[in-house]
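# Secondary and tertiary structure notes
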Number of protein chains: 2
Amino acid sequence: MERKEFRDLVSPERAHEAVGSLELSPGTERVSLADASGRVLAERIDARIDVPGFDRASLDGYAVRARDTFDADEASPAELDLCGTVHAGETPDVAVDPGDCVAVSTGSVLPPGADAVVMVEETEERGSTVAVRTRVAPGEAVMFAGTDVAAGDRALGPGTRLTSREVGLLSALGADTVPVHAKPRVAIVSTGDELVRPGKELDPARGEIHDVNSYSVAAGVEEAGGEAVLYPHVGDDYEEMEHLLREAAADCDLVLSSGSTSASAVDVIYRVVDDGGDLLLHGVAIKPGKPMLVGRLDDAAYVGLPGYPVSALTIFRTFVAPAIRRAAGLPDPQTATVSGRMAVRERYAEGRLRLMPVGLVDPGSDDREGPDDLLVYPVDKGSGATTSLVEADGVVEMPADVEYLDRGETVEVALFSPDLRPPTLLLAGEDDPALSRLLDQVTRPRHLPVGSREGLRRLRKGAIDAAVVAGPTDQATPSTPVAEWDREWGLAVTEGSEIEALSDLVDRDIRFVNRTTASGLRTSLDDAMGELAVKRGVDRHELEARVAGYDAGVRAHESPVRAVVCGDADAGLGLRATAERLGLPFQSLGTQTVRVLAAPARAQKPGVRALTDAVAGGAAFADLTGYPASSANDETR
Amino acid sequence: MERKEFRDLVSPERAHEAVGSLELSPGTERVSLADASGRVLAERIDARIDVPGFDRASLDGYAVRARDTFDADEASPAELDLCGTVHAGETPDVAVDPGDCVAVSTGSVLPPGADAVVMVEETEERGSTVAVRTRVAPGEAVMFAGTDVAAGDRALGPGTRLTSREVGLLSALGADTVPVHAKPRVAIVSTGDELVRPGKELDPARGEIHDVNSYSVAAGVEEAGGEAVLYPHVGDDYEEMEHLLREAAADCDLVLSSGSTSASAVDVIYRVVDDGGDLLLHGVAIKPGKPMLVGRLDDAAYVGLPGYPVSALTIFRTFVAPAIRRAAGLPDPQTATVSGRMAVRERYAEGRLRLMPVGLVDPGSDDREGPDDLLVYPVDKGSGATTSLVEADGVVEMPADVEYLDRGETVEVALFSPDLRPPTLLLAGEDDPALSRLLDQVTRPRHLPVGSREGLRRLRKGAIDAAVVAGPTDQATPSTPVAEWDREWGLAVTEGSEIEALSDLVDRDIRFVNRTTASGLRTSLDDAMGELAVKRGVDRHELEARVAGYDAGVRAHESPVRAVVCGDADAGLGLRATAERLGLPFQSLGTQTVRVLAAPARAQKPGVRALTDAVAGGAAFADLTGYPASSANDETR
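Residues numbered from 1 in each chain as written. Chains lettered and ligands numbered in written order. Predicted model: local features only at pLDDT ≥ 70, side-chain atom pairs only at ≥ 80, totals over all residues.

### Description of the overall build of chain A
Rules: Runs of E in the DSSP output that reach at least two residues are strands. Runs of H or I that reach at least four are helices, and both are numbered from the N terminus. Buried means a residue has 20 or more other C-beta atoms within 10 Å of its own C-beta, exposed means 12 or fewer, and partly exposed covers the counts in between; C-beta atoms are placed from the backbone.
Secondary structure summary: chain A contains 15 helices and 35 strands in total. Dimensions of chain A along its principal axes, counting C-alpha atoms only, are 120 × 65 × 50 Å. Within chain A, the fraction of its 637 residues that count as buried is 56%.

### Some details on the pairing of strand S24 (residues 353-361) of chain A
All names here are of chain A. Filter applied, for reference: The criterion for strand pairing is that DSSP finds at least two bridges linking the strands in question.
Among the nine residues in S24, nine count as buried, and that is most of the element. Across two bridges, strand S19 (residues 286-287) lies against S24 in parallel orientation. Across the sheet, residue isoleucine 286 finds its bridge partner in S24, namely leucine 353. Strand direction decides the pairing type here: S24 and strand S26 (residues 394-398), joined by five bridges, are antiparallel. The residue bridging methionine 356 from the neighbouring strand is valine 396, located in S26. As defined by bridge partners, S24 adjoins strand S25 (residues 374-378) across four bridges and the pair is classed as antiparallel. Counted as the bridge partner of valine 361 is leucine 375 from S25.

### Regarding the interface of chain B and chain A
Heads up, the condition is: Once C-beta atoms are placed from the backbone, any two residues with those atoms within 7 Å are in contact. Polar here means any residue outside two lists: the nonpolar Ala, Val, Leu, Ile, Met, Phe, Trp, Tyr, Cys and Pro, and the charged Asp, Glu, Lys and Arg; Gly therefore counts as polar.
With 128 residues of chain B at the interface, the matching set in chain A holds 129 residues. In terms of residue count, helix H2 (residues 164-172) of chain B provides more of the side of chain B that touches chain A than any other element does, nine residues in total. Partitioned by chemical class, the residues of the side of chain B that touches chain A number 55 nonpolar, 43 polar and 30 charged.

### Regarding the environment of Gly451(A)
All names here are of chain A. Turning to its location among the elements, glycine 451 is positioned in the loop between strand S30 (445-448) and helix H9 (452-460). As a C-alpha pair, glycine 451 and alanine 323 span 128 residues in sequence and 42 Å in three-dimensional space. Not counting residues within four places of it along the chain, the set of residues in contact with glycine 451 comprises Gly429, Glu430, Ala518 and Ser519.

### Brief notes about the sheet that holds strand S7 (residues 116-119) of chain A
Residues and elements named next belong to chain A. The condition is simple: For helices, the axis comes from a line fit to the C-alpha atoms of the stretch in contact; other axes are also lines fit to C-alpha atoms, and the angle between any two N-to-C directions lies between 0 and 180 degrees.
Spatial ordering of the open sheet is given by S7-S4-S6-S5-S9-S8, a layout of six strands whose pairing is mixed. Where the open sheet ends on each side, the last strands, each with one partner, are S7 and strand S8 (123-126). Sheet twist, expressed as the mean angle between neighbouring strand axes with direction ignored, is 40 degrees. One ladder, built from four bridges, connects strand S5 (residues 78-86) with strand S9 (residues 129-132); its direction is antiparallel. Bridge pairing links alanine 78 to valine 132 in S9.

### Here we look at helix H11 (residues 520-536) of chain B
Two residues of an α-helix separated by three or four positions point the same way, owing to the 3.6 residues in each turn. All names here are of chain B. Note the threshold: The span you would expect from a helix comes to 1.5 Å times its residue count less one.
Here H11 spans 24 Å end to end across 17 residues, near enough to the 24 Å set by a 1.5 Å rise per residue. When we look at burial in H11, the residues that qualify are Gly520, Leu521, Arg522, Thr523, Ser524 and Leu525. Buried residues along H11 sit in contact with helix H9 (452-460), strand S31 (466-470), strand S32 (480-493), strand S34 (571-575) and strand S35 (586-598). Of the residues trailing H11, glycine 537 is marked for its positive phi of about 70 degrees.

### Observations concerning the relation of the copies chain B and chain A
Using the following cut-off: The copies are overlaid by a least-squares fit using only the C-alpha atoms of residues whose pLDDT is at least 70 in both copies.
Mapping chain B onto chain A calls for a rotation angle of 180 degrees and an axial translation of 0.0 Å; the resulting RMSD is 0.1 Å. On this basis, the relationship between the two copies can be described by a two-fold rotation axis. Within chain B, the C-alpha atom positioned nearest to the axis of rotation is that of Pro418(B), 3.9 Å from it. Interface overlap between copies is the fraction of interface residues in one copy that are interface residues in the other; for chain B against chain A it reaches 100%, indicating a shared surface.

### Considering the sheet that holds strand S16 (residues 227-230) of chain A
Residues and elements named next belong to chain A. Taken in spatial order, the six strands line up as S16-S13-S17-S21-S20-S18 in an open sheet, and their pairing is mixed. Looking at strand neighbours, the two that pair on one side only are S16 and strand S18 (277-281), the edges of this open sheet. Averaged over all pairs of adjacent strands, the angle between strand axes in this sheet comes to 25 degrees, irrespective of strand direction. Contacting S18, strand S20 (293-297) and strand S21 (300-304), helix H1 (residues 12-21) crosses the sheet at an angle of about 155 degrees to S18. Taken strand by strand, helix H4 (residues 238-251) contacts strand S13 (185-190), S16, strand S17 (254-258), S20 and S21, and its axis lies near 170 degrees from that of S13.

### A closer look at the nonpolar core
Our working rule: Think of a nonpolar core as buried Ala, Val, Leu, Ile, Met, Phe, Trp, Tyr and Cys residues chained together by C-beta atoms that fall within 7 Å.
Counting 389 residues, the largest nonpolar core has Ala63(A), Val64(A), Val255(A), Ala63(B), Val64(B) and Val255(B) as the members making the most contacts within it. Of the residues forming this core, the biggest block, twelve residues, is contributed by helix H6 (residues 309-328) of chain A. Beyond its immediate stretch of four places on either side in the chain, Ala63(B) contacts Ala57(B), Val96(B), Cys101(B), Val102(B), Val104(B), Leu110(B), Pro111(B), Ala114(B) and Val117(B).

### Section: the packing of helix H3 (residues 213-223) of chain A against H6(A)
All names here are of chain A. Applicable threshold: In these notes the angle categories are as follows: under 35 degrees is roughly parallel, over 145 is roughly antiparallel, 65 to 115 is roughly perpendicular, and the rest is oblique. Put simply, a crossing is left-handed when the front helix is turned counterclockwise from the back one by less than a right angle, and right-handed when it is turned clockwise.
Viewed as axis vectors pointing N to C, H3 and H6 meet at an angle of 25 degrees, and their least axial separation amounts to 10 Å. As far as their axial angle goes, H6 and H3 are roughly parallel. At the point where H3 passes H6, the crossing takes the right-handed sense. Taken together, the residues of H6 that come into contact with H3 (itself represented by Asn213, Ser216, Val217, Gly220 and Val221) are Pro309, Ala312, Leu313, Phe316, Arg317, Ala321 and Ile324. Counted by class, the contact of H3 with H6 contains eight nonpolar, three polar and one charged residues.

### Observations regarding helix H4 (residues 238-251) of chain B
Residue and element names in this part refer to chain B. Rules: Here the arc refers to the set of directions running from the helix axis out to each C-beta atom.
Between its first and last C-alpha, H4 extends 20 Å over 14 residues, near the 20 Å set by a 1.5 Å rise per residue. Taken together, the buried positions of H4 are occupied by Met241, Leu244, Leu245, Ala248 and Ala249. Down the axis of H4, the buried set is contained in an arc of 135 degrees. They therefore lie on one face.

### Let's talk about the confidence of the model for chain A
Residue and element names in this part refer to chain A. Put simply, the test is: The predictor rates its confidence in each residue with pLDDT, a number between 0 and 100.
On average, residues of chain A carry a pLDDT of 88, and 93% of them reach 70 or more. Per-element averaging of pLDDT across chain A places helix H5 (residues 263-276) at the bottom with 81 and strand S12 (residues 177-181) at the top with 97. Within the model, the stretch residues 366-372 combines pLDDT values under 50 with seven contacts to residues more than four positions away or in other chains. In the model, residues 625-637 has pLDDT below 50 throughout and makes 30 contacts with residues more than four positions away in sequence or in other chains. Across the interface, the model reports ipTM at 0.89; the global pTM reads 0.88.

### A closer look at the packing of H3(A) against H2(B)
When two helices pack together, their arrangement is given by the angle between the helix axes and by the axis-to-axis distance. Across the interface, H3(A) lies against H2(B) with an axial gap of 7 Å and an inter-helix angle of 165 degrees. Taken together, the axis directions place H3(A) and H2(B) in an arrangement best described as roughly antiparallel. Helix-helix and strand crossings are classified by hand; for H3(A) and H2(B) the assignment is right-handed. Here H3(A) contributes Tyr215(A), Ser216(A), Ala219(A), Gly220(A) and Glu223(A) to the contact with H2(B), which in turn contributes Ser164(B), Arg165(B), Val167(B), Gly168(B) and Ser171(B). Each residue belonging to the contact of H3(A) with H2(B) can be placed in one class, and the counts come to three nonpolar, five polar and two charged.

### Some remarks on the environment of Asp211(B)
You can see Asp211(B) is positioned in the loop between strand S15 (209-210) and helix H3 (213-223). For Asp211(B), a count of 25 C-beta atoms within 10 Å translates into the label buried.

### Details of the environment of Ser503(A)
You can see Ser503(A) is positioned in helix H10 (residues 502-507). Residue Ser503(A) is classed as partly exposed on the basis of its C-beta count, with 13 C-beta atoms lying within 10 Å.

### Remarks on unusual backbone geometry
Residue and element names in this part refer to chain A. For the peptide bond that leads from valine 51 to proline 52, omega is -10 degrees, which places it in the cis range. Position of proline 52 relative to the elements: it lies in the loop between strand S2 (45-46) and strand S3 (56-57). With an omega dihedral of -5 degrees, the bond running from lysine 287 to proline 288 counts as a cis peptide bond. Tracing the sequence through the fold places proline 288 in the loop between S19 and S20. With a phi angle near 45 degrees, arginine 444 is a residue other than glycine that sits in the positive phi range. Along the chain, arginine 444 turns up in the loop between helix H8 (433-439) and S30.

### Points about the pairing of S8(A)
Residue and element names in this part refer to chain A. In terms of strand pairing, S8 meets S9 through four bridges, oriented antiparallel. The residue bridging glutamate 124 from the neighbouring strand is alanine 131, located in S9. Count of turn residues in the S8/S9 antiparallel hairpin: two residues, of which glycine 127 carries a positive phi of about 65 degrees.

This is the structure:
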């Protein structure tokens, strides 16, 4: 196997320079005013007309010569001859001579001779005359031509981002199209033989995974003001890859390749760009990231993103998004940073700048506290983990020469977006289908399904609001119980298997799928095995050794049941709710309690109380055996 | 003329309730993952597959049994038999027995028997064997099935706003479509006989103006997460209006009518909704705003916005946008407020809640200062002025019982958007085409074209960074000159008119268009008239009285020249640059200097320095007679 290694890592600054040196110049285009919101003006807009284009009544009332009202008051109103009416949208067919008045609406053209408008509330119509009970100054209630915008005025400058307000001004100026920066077209080429587009079935035996980067990077491109163009997926074949990349380069301003983590796919891309274009760099000293190609291919700029989703989005956000924004004429986004204290100590000493994804939690109890009190915890499940993407709220920079951040140390967190708000409730521990539903009734919850034991450990460290614990635990952790419910656990089995008790698992030749020891289900199963062993007068481990698959547990709470559905196993450890939902017979082995244990200081947090209320409401426990409201892919497809 | 009066004004709270009581329930829809960014999940997404779906190598290297490496180190590497290769995307065709290893790439399926991966850098291939120079623990460099997401995990909750990060997770789960809140469809019906769509020529004599609200409110609808549907413009006819409103109500979740300020149009709409639907309220005690209709029409919600652009957008933003956001499932936007000090005293005592549009200026010199030091000045050119929309940065609430805000008083400004940044340079004073170009080279400038005198007045009050002054001024204002340039002024005249000097204006029967006394051009013309009067030994005002139109000046700097172009006048006061650009002969009367005078404390502000640099650069003065780069509407259409 040939392997391409990336040893010449450049500094992040150098990488910024290299991407900055690629010219992304999509030019300008004219768009209709209806499509202008969110775009950026490419040129200055000068007014070519006066707004309003005429002297305009700004009230409903009577157009007068102000001089005729100079002696008027409540006691002795001025009596003026009513000699006509001008509606909005009409050319005046009457003039206001001394002693006259003309009825006008808001927006009417001021008739010749008039220089002011008296509001209707200050008048009284008396047949052919109008009594005016107040004096008005010349110009009163009149908007003179050009008062809003004058022909020749600089209306909007280049670089102005258009919102509803600017669209209003442009409408007033009569613009129906406006010159804006064109959106840079960004090709997204996904590579790697193991990648399958979302929506297509995977063959896990072949190591297939869904292509994560294409859609997520495309969304990032759109967020940065570009237009994403998705190209068909391509394998690791040189000819095919070259053809596709050149086609993309011909059609787009920037080509992003992305997708594969495998060295062979990266190597093929490397050779295509190196042979046919101009490769500026191929590695940056940053974590996550490292492999990153920057160059030109024919007339387009080219950036190769790493294959791992977290690395790809980090490199995209750090180096590529700013270039797309610049090309689209958008300003750098308002940096939104909050400061917080590290919830745990974090070591890192690889000598690369680390952009550490972190989650936030507000340890405050019932009162809202300032952002300085936020706790910051690293979210690092490896660059390959897509959940890291959504379990983090922002990034803490650890410079290359910093070896660790201490617990309690104050750090600055660059939020993923300025309007991001931290979760109101941070849980960790057991997974449970009722919990999933309960959390639907909490605003912005976050649950880390790390298993009961790990949940309790994090609770002790003060890193979460509450732990979710199922089954027996031998650890005494200071905590406040805030909710609990029961669930029935046991074995999901194949139709007609006649597995009726735990002893069948031990005594018969059954392919079994277990959970890992992190799960409360496993703890209950282990305890039941212990009881059976005592009854039989043998060692528990002896019994366990007789069950094929007992030791090799899986983390996923539905997976044992799904293995039975697929025919890969005869029995799987799980919940009645899961077995019935997936249509399998279920052999109950007992009932266990799921408990939510809050850190005492946080038991009154609004998020914790919302969860308590949801449990008390009970709705989440109805029909747990039905399919959940929605799911990411359809089983029956 | 029948007039509808709105006397029963309800409180803003009551108006919020009324709009809240209209049910906007657009339902849910499934969108493809490519279109999901920015949308809001309507349902919880549970994982239906394990991610990864298999035990996966997370490095390039060799799959081994960890036990075989327990004694390995640099000095005595473990020598393992290389018995095959597994690429990413391949089903392993080989197992790892004790003493064996298999070459794997990042992403490969871990072959049966193996429980760890040794990274390639710690190995050396020696023909058919591999020397492993380090010990690895079981599970090292392996991502076990379900480690990222486990089948059954709660992946994303209802109400989650989808960004590139969530799209990444959904991709990993294999979702190709997702259930999201549908965008509420919002009909925009523009009414009023005087309104003309942007892009169409106006007839100012008839009092026509461009329809501002349709596009600006449509942009507001899209910003709030709705889908705007523009309906054809309709006049004040009852039948026609009823037909259109009912058509809109049948097709949309919410109908917004807007456009006309005239009482007759408002009255027709009022009757249509009152007759055919259910009118909940027809006026709110708020400024700007007041006339606001809320009700139901057939199966749709209905809100009538005031006609004035500033009122319409304020009512929309305050009452309607939150309802659209709720219907779209979007959270309330992060409120972005800054505090600042009032730059001037502002009185208001109409007993209505006032949402006062304000501009911001940072008085800081060269150092950046905190937001507490921002100066806040009211921007109130009347609700009819579209420029108020773009000259303001946010809104200060003045409760109904507050009569005034004092100069220097601290106020909270709700910014129009969280990423809004105040201008770097705030100018007021003379308008000038060279200035327009110079400002293109300054980031976020704001110039208020109020004329030289008013500019100086504002400079004295400390309300601006610098005044732009042209021609002679008799006022001594402490200031620091930061830039100046000359411009040639005189008369734009009709072809063949043979107007050659100021005396022609006085002595011949010429229709003249002047500027107002706010303009520096007018001051220079007045002075020239004074000199001519001295020469002739007469009173200046006597000469001026002989010029038709001398007293009735216009504010707009191009308008006198445009009046000549249209044939409405024989001569207009203006600049050579303007006359030549609009293709008219020009009779020079002199040269005047345009000066930018900064408040001494702000002369070193980056924005001021950017303007000084731009003047020094000189590019803005080239080709001033050519058409500007762009314009809002095309003269020749």
